[in-house]
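# Coordinates in review
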Number of protein chains: 2
Amino acid sequence: MPSQSSVDAKIEQLLTYMRSAGLKRTRQRELVARVVLGDNQHAKVEEIYAAARRIDPRVGYSTVYRTLRILKDAGLVVELQFGDGLTRYEPELGEHHHDHLICTSCRKIVEFESEEIEARQAEIAREHGFRVDSHKHELYGLCPDCQ
Amino acid sequence: MPSQSSVDAKIEQLLTYMRSAGLKRTRQRELVARVVLGDNQHAKVEEIYAAARRIDPRVGYSTVYRTLRILKDAGLVVELQFGDGLTRYEPELGEHHHDHLICTSCRKIVEFESEEIEARQAEIAREHGFRVDSHKHELYGLCPDCQ
DNA sequence: ATCACTGCAAATTATTTGCAACGCA
DNA sequence: TGCGTTGCAAATAATTTGCAGTGAT
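Summarised in this report is the structure supplied together with it. As the structure is a prediction and not an experimental result, all values here were calculated from the model.

What follows concerns the interface of chain B and chain A. Facing 33 residues of chain B, the contacting portion of chain A comprises 33 residues. Carbon and sulfur atoms make up 63% of the area that chain B and chain A hide from each other, which totals about 3100 Å². Three residues, F130, K136 and Y140 of chain B, lead the burial of chain B against chain A; their summed loss comes to 20% of the area buried on that side. Here chain B is connected to chain A by 2 salt bridges. Counting across the interface, chain B meets chain A through 14 residue pairs in polar contact (both at pLDDT 80 or more). Where the side of chain B that touches chain A is concerned, the elements lending two or more residues are β4 (99–103), β5 (109–112), α5 (115–127) and β6 (131–142) of chain B. Of all the elements, β6 of chain B adds the most residues to the side of chain B that touches chain A, at 12 residues. Pairing geometry for strand β6 (residues 131–142) of chain A and β6 of chain B, over 11 bridges, is antiparallel. By the bridge assignment for β6 of chain B, Y140 of chain A is matched with S134 of chain B.

Within a regular beta strand, the side chains point alternately toward one face of the sheet and then the other, so they alternate between its two faces. Residues and elements named next belong to chain B. Counting buried positions over the 5 residues of β4 gives 5, a clear majority of the element. Side-chain alternation along β4 places D99, L101 and C103 on one buried face and H100 and I102 on a second face that is also buried. Taken together, the 4 bridges between β4 and β5 define a ladder with antiparallel strand orientation. Paired with I102 across the strands is I109, a residue of β5. Between the antiparallel neighbours β4 and β5 lie 5 residues, among them R107 with a positive phi of about 70°.

Residues and elements named next belong to chain A. Contact geometry for helix α2 (residues 27–37) and helix α3 (residues 45–55): axes closest at 9 Å, N-to-C directions at 120°. With respect to α3, the element α2 is oriented oblique. When you trace α2 past α3, the crossing you get is right-handed. Contacts between α2 and α3 involve L31, V32, V35 and V36 from the first element and I48, A51, A52 and I55 from the second. For the contact of α2 with α3, the class distribution of residues is 8 nonpolar, no polar and no charged.

Our focus in this paragraph is the relation of the copies chain B and chain A. Placing chain B over chain A gives an RMSD of 0.1 Å and needs a rotation angle of 180°, together with 0.0 Å of translation along the axis. Both copies of the chain, as the preceding transformation shows, are related through a two-fold rotation axis. Taking C-alpha positions as the reference, the residue of chain B nearest the rotation axis is H137 of chain B, at 2.1 Å. The share of interface residues of chain B whose copies in chain A are also at the interface is 100%, consistent with both copies meeting through the same surface.

Here we take up the protein's contact with DNA strand C. Neighbouring DNA strand C are 21 residues; Y65 and T87 of chain A together with R29, V59 and T63 of chain B lie closest to it. Those atoms of DNA strand C that come within 4 Å of the protein belong to sugar or phosphate at a rate of 70%. For DNA strand C, a base oxygen lies 3.4 Å from a polar atom in the side chain of S62 of chain A. Residue assignment for the surface near DNA strand C shows that the elements contributing at least two residues are α4 (61–73) of chain A together with α2 (27–37) and α4 (61–73) of chain B. The biggest single contributor to the surface near DNA strand C is α4 of chain A, with 4 residues.

Analysis parameters
Residues numbered from 1 in each chain as written. Chains lettered and ligands numbered in written order. Predicted model: local features only at pLDDT ≥ 70, side-chain atom pairs only at ≥ 80, totals over all residues. Heavy atoms only, no water. Contact = heavy atoms within 4.5 Å. Buried area = accessible area lost by both parts, 1.4 Å probe. Salt bridge = Lys/Arg side-chain N within 4 Å of Asp/Glu carboxyl O. Polar contact = N/O pair within 3.5 Å; in protein donor to acceptor, adjacent residues only side chain to side chain. Helix = DSSP H or I, 4+ residues; strand = E, 2+ residues; numbered from the N terminus. Pairing = 2+ DSSP bridges. Buried < 20%, exposed > 50% of the residue type's maximum accessible area, 1.4 Å probe, protein only. Axes fitted to C-alpha atoms, helices over the stretch in contact; angles between N-to-C directions. Parallel < 35°, antiparallel > 145°, perpendicular 65-115°, else oblique. Left-handed = near helix turned anticlockwise from the far one by under 90°. Nonpolar A, V, L, I, M, F, W, Y, C, P; charged D, E, K, R; others polar. Least-squares fit on C-alpha atoms with pLDDT ≥ 70 in both. Near = heavy atom within 4 Å.

Given below as structure tokens:
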């Protein structure tokens, strides 16, 4: 899990973003941001909501959704959909992006990263004239335990 | 667009699958299957429904959804979600799988494929002991026109 | 004849929005 | 003080399901 100081640094980025966008700093927004940024377990919205309320129950679902959008717009979190109808969020790690291996039976999620793939990807985008700013790469199948 | 005969061949596969699963061949199922298998433009459910009804209005939304699930279970179509809340379907091409470049501004979708990435992917799955049977690889950004 | 399938309408589920009260700056 | 923000409840929107009637084998 991310260190306290790395979360603080991201909160700082968030505040800068909010200032530039004319958004206000509020207890709820900071709470939700700390919950999501402090845990990279592909949290479901419901889990984020529950975890935030455990710390301070004065937060509503709408605020969680609205704050997640702000965090996404600020480029601090990534939105993921693994095909089970639930949207998940995890902190954007900036440095090395990672992708996912998903077990279609037990729903276990394993992360992986490959510089080789990232490089080839960039090349493909260039060939098509695209300016890519995010990507998703997911492999679905059975994990060792479920085979 | 796929040739008539290649669609026929897939319908044949579908019938075999349905027989083995104890499912019945019906006018509606074959109609929906022909619509989806005969067009690989990442069709939205609504478009599939509309296209099917244009040919024969005796089909309901539930049947479209139910048939799409059968086609997916039979491995004949792939389900795609590009983050705009709409689920899309396209025929599974078996031979070379392709992936997508998506413009976040105009929603244009460009396909690409890379043997190099596929190979590296297989290697990664093997390293983690996963038996992968499908994957999604999507690059999001701005297309040349929207930059 | 049997048992799966169909369409419709109602139910479900994730997410968004209207709005009056509230709280940063 | 003023305008953005909040939580609630109601509204949406995509998908699923219950059920009585229909149809394939």
